[in-house]
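If you want the building blocks of each chain, they are given just below.
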Amino acid sequence: MTIIGLGLVTMRGVLTHNWWFFYMLCWNGALAWFPLGVILVLRDLLASRALRSWMAGPFLLLWLVFLPNAPYIITDLFHIQHIQSPLLWFDTMTIFLFAVTGLLTGLYSTLLVHRLVVQRAGTLLTWLCMLGCQVLSGFGIYLGRWIRLNSWDLLTTPAMLARAVYEALHNTLSLKLTIIYGLVLAGLYIAFYLFSEDETRKKVKQA
């Protein structure tokens, strides 16, 4: 899906000589892949015993900070209102493809974290954490789209980020968006989890 998306934005750039979509979607796509990459590295380190379980905290925190970047691409659909009509059909599909790709990478990385954490924290606590992460992703989407903050602002400008978070907690729009996006992402994750676990059980039975 990523390769197809890269092909579409490259084609658009070549034909229109406007590379804005290429830069925007490729950058957002890379950020969407980053949390999945962090968890894949963590999983391999734990599996090879190169990393102890109690040392996984920084990796999980890094994953959580960048997780909102995965579903964030959904909000790139807002740009459709500024697209010229001759390209509307093409750009709608391109942004949609990147959005679905980002959403799937986020759901899959959450599933991997779920499988890592449930072995140590139990079923109930793990589910509460995973669903809470989806709500936090909704809040992160608000900070990224409306306040224009980035994940790395936690390290570069923590004071500004803290002030933005405090103000957002008193903002009606941020609360509405966090609840709606959080509930939708939580619902999608539950469906994704049930499907994945059902497929896993089928493979085990076949084996």
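Preceding this paragraph is the structure being described.
The rules behind the values
Residues numbered from 1 in each chain as written. Predicted model: local features only at pLDDT ≥ 70, side-chain atom pairs only at ≥ 80, totals over all residues. Heavy atoms only, no water. Helix = DSSP H or I, 4+ residues; strand = E, 2+ residues; numbered from the N terminus. Rg over C-alpha atoms; globule rule 2.2 N^0.38 Å. Contact = heavy atoms within 4.5 Å. Lys, Arg positive; Asp, Glu negative; His and termini not counted. Charge placed at Lys NZ, Arg CZ, Asp CG, Glu CD. 1 Å grid on protein atoms, 1.4 Å probe; cavity = no way out; pocket = protein on both sides within 12 Å on 5 of 7 lines; lining within 4 Å. Points joined across faces, edges and corners; volume = space filled by probe spheres on them. Nonpolar A, V, L, I, M, F, W, Y, C, P; charged D, E, K, R; others polar. Patch = residues over 30% accessible without salt bridge, like charges linked within 9 Å, V, L, I, M, F, W, Y side chains within 5 Å. Areas by Shrake-Rupley, 256 points an atom, 1.4 Å probe, with all protein chains shown as cover. Salt bridge = Lys/Arg side-chain N within 4 Å of Asp/Glu carboxyl O.

Colleague: Explain the overall build of the protein to me, please; I cannot follow it from the model alone.
Modeller: Within the protein, the regular secondary structure consists of nine helices and zero strands. Secondary structure elements of the protein occur, N-terminal to C-terminal, as α-α-α-α-α-α-α-α-α. Computed over C-alpha atoms, the radius of gyration of the protein comes to 18 Å, within 12% of the 17 Å expected from 2.2 N^0.38 for 207 residues, which places it in the range of a compact globule. Overall, the protein is about 50 × 50 × 30 Å in size when its C-alpha atoms are taken along their principal axes. Within the protein, contacts between residues separated by at least 24 positions form 77% of all contacts whose residues are at least 6 apart in sequence. With 14 positive and 8 negative side-chain charges, the protein shows a spacing of 6 Å between the two charge centroids.

Colleague: What exactly am I supposed to notice about the layout of surface pockets here?
Modeller: The probe, sized like a water molecule, is rolled over the atoms to show the empty space still left. As a volume, the largest pocket reaches approximately 610 Å³. Taken together, 27 residues make up the lining of the largest pocket; nearest its centre are V65, P68, G140, N150 and S151. Of all elements in the fold, only α2 (20-47), α3 (57-66), α4 (69-72), α6 (123-145) and α8 (158-168) reach the threshold of two or more residues within the lining of the largest pocket. A per-element tally of the lining of the largest pocket places α6 first, with seven residues. Taken together, the residues that form the lining of the largest pocket break down as 16 nonpolar, eight polar and three charged.

Colleague: I tried to follow the side chain of R12 on my own but got confused; where do I start?
Modeller: Tracing the backbone through its elements, the reader meets R12 in helix α1 (residues 2-16). In this view, R12 contacts H17, N18, F21, L87, F90 and D91; residues no more than four positions away in its chain are not counted.

Colleague: So what exactly am I meant to see when it comes to a nonpolar patch on the surface here?
Modeller: A surface patch of nonpolar side chains, amounting to about 540 Å² of accessible area, comprises M11, V14, L15, W19 and Y23. Along the polypeptide, V14 turns up in helix α1.

Colleague: Sorry, what's going on with empty space enclosed by the protein here?
Modeller: Under the counting rule described, the total for this entry stands at two cavities of 30 Å³ or more. Along its surface, the largest cavity is lined by L67, P71, L103, G106, L107, T110, Q134, S137 and L185. For the lining of the largest cavity, the elements supplying multiple residues, two or more each, are α5 (85-121) and α6. Per-element accounting of the lining of the largest cavity gives the leading share, four residues, to α5. Among the residues forming the lining of the largest cavity, the class breakdown is five nonpolar, four polar and no charged. Taken as a whole, the second largest cavity holds about 40 Å³ of empty space. For the second largest cavity, the full set of lining residues is M1, T2, G5, G29, W33, L97, F98 and T101. When contributions to the lining of the second largest cavity are tallied by element, the ones reaching two or more residues are α1, α2 and α5. Of all the elements, α5 adds the most residues to the lining of the second largest cavity, at three residues. Residue composition of the lining of the second largest cavity, by class: four nonpolar, four polar and no charged.

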